[in-house]
Amino acid sequence: FSVWIMIVNNAIGGLLVALVIKHADNILRGFATALATVLTTIGSVICFGFEIHISFFIGSLLVLGSSLLYGGALKMPGDWWNEDPCKDKVRN
């Protein structure tokens, strides 16, 4: 029964990701990624008895932070981090 729950979960998740990518902006995508990680963790605790340790918590924070930075939802302080490295290059 648990296998079917995970199959349905992944199918619905894939469809939702496709909808988010098609219709949402980067900020919403970042929050959707964060929410998906949190909901998957809660589902794993409930369905499979997953125990959350400090290493999982730290790893989740790193994944969430990198997803938000990559998607542009978060900005690092300073101009160097936020500028486009290719904007000054001239194409021949």
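Residues numbered from 1 in each chain as written. Predicted model: local features only at pLDDT ≥ 70, side-chain atom pairs only at ≥ 80, totals over all residues. Heavy atoms only, no water.

1. Structural notes on the overall build of the protein chain
And then number 1: The helix and strand inventory of the protein chain stands at four helices and zero strands.
And then number 2: Secondary structure elements of the protein chain occur, N-terminal to C-terminal, as α-α-α-α.
And then number 3: A total of about 7900 Å² of accessible surface is found on the protein chain, and carbon and sulfur atoms cover 69% of it. (Helix = DSSP H or I, 4+ residues; strand = E, 2+ residues; numbered from the N terminus. Areas by Shrake-Rupley, 256 points an atom, 1.4 Å probe, with all protein chains shown as cover.)

2. Topic: the layout of surface pockets
And then number 1: Estimates place the volume of the largest pocket at around 580 Å³.
And then number 2: Along the walls of the largest pocket sit 22 residues, with N9, G13, L16, A36 and T40 positioned nearest its centre.
And then number 3: Every element with two or more residues in the lining of the largest pocket is listed here: α1 (2-23) and α2 (26-48). (1 Å grid on protein atoms, 1.4 Å probe; cavity = no way out; pocket = protein on both sides within 12 Å on 5 of 7 lines; lining within 4 Å. Points joined across faces, edges and corners; volume = space filled by probe spheres on them.)

3. Notes on the confidence of the model for the protein chain
Regions with low pLDDT carry predicted coordinates that are not meant to be interpreted in detail.
And then number 1: Of the residues in the protein chain, 78% have a pLDDT of 70 or more, and the chain-wide mean is 78.
And then number 2: Model confidence for the protein chain, summarised as mean pLDDT per element, is weakest for helix α4 (residues 79-82) at 68 and strongest for α1 at 86. (pLDDT = per-residue confidence, 0-100.)

4. Quick notes on the packing of aromatic side chains
And then number 1: For the structure on display, the rule yields one aromatic pair.
And then number 2: With 5.1 Å between their ring centres and 70° between their planes, F50 and F56 make a pair best called edge-to-face.
And then number 3: Owing to a relative accessible area of 30%, F56 belongs among the partly exposed residues under this scheme. (Phe/Tyr/Trp six-rings, centres within 6.5 Å; stacked < 30°, edge-to-face > 60°. Buried < 20%, exposed > 50% of the residue type's maximum accessible area, 1.4 Å probe, protein only.)

5. Overview of the side chain of T41
And then number 1: With respect to the helices and strands, the residue T41 is situated in helix α2.
And then number 2: Residue class for T41 comes out buried when judged on its relative accessible area of 12%.
And then number 3: Each residue touching T41, except ones within four places of it in the same chain, is listed here: I52 and F56. (Contact = heavy atoms within 4.5 Å.)

6. Some thoughts on the environment of T33
And then number 1: Within the fold, T33 resides in helix α2.
And then number 2: Separated by 16 residues in the primary sequence, T33 and V17 place their C-alpha atoms 9.0 Å from one another.
And then number 3: Ignoring any residue separated from it by four or fewer positions in sequence, one finds T33 in contact with L64 and S67.

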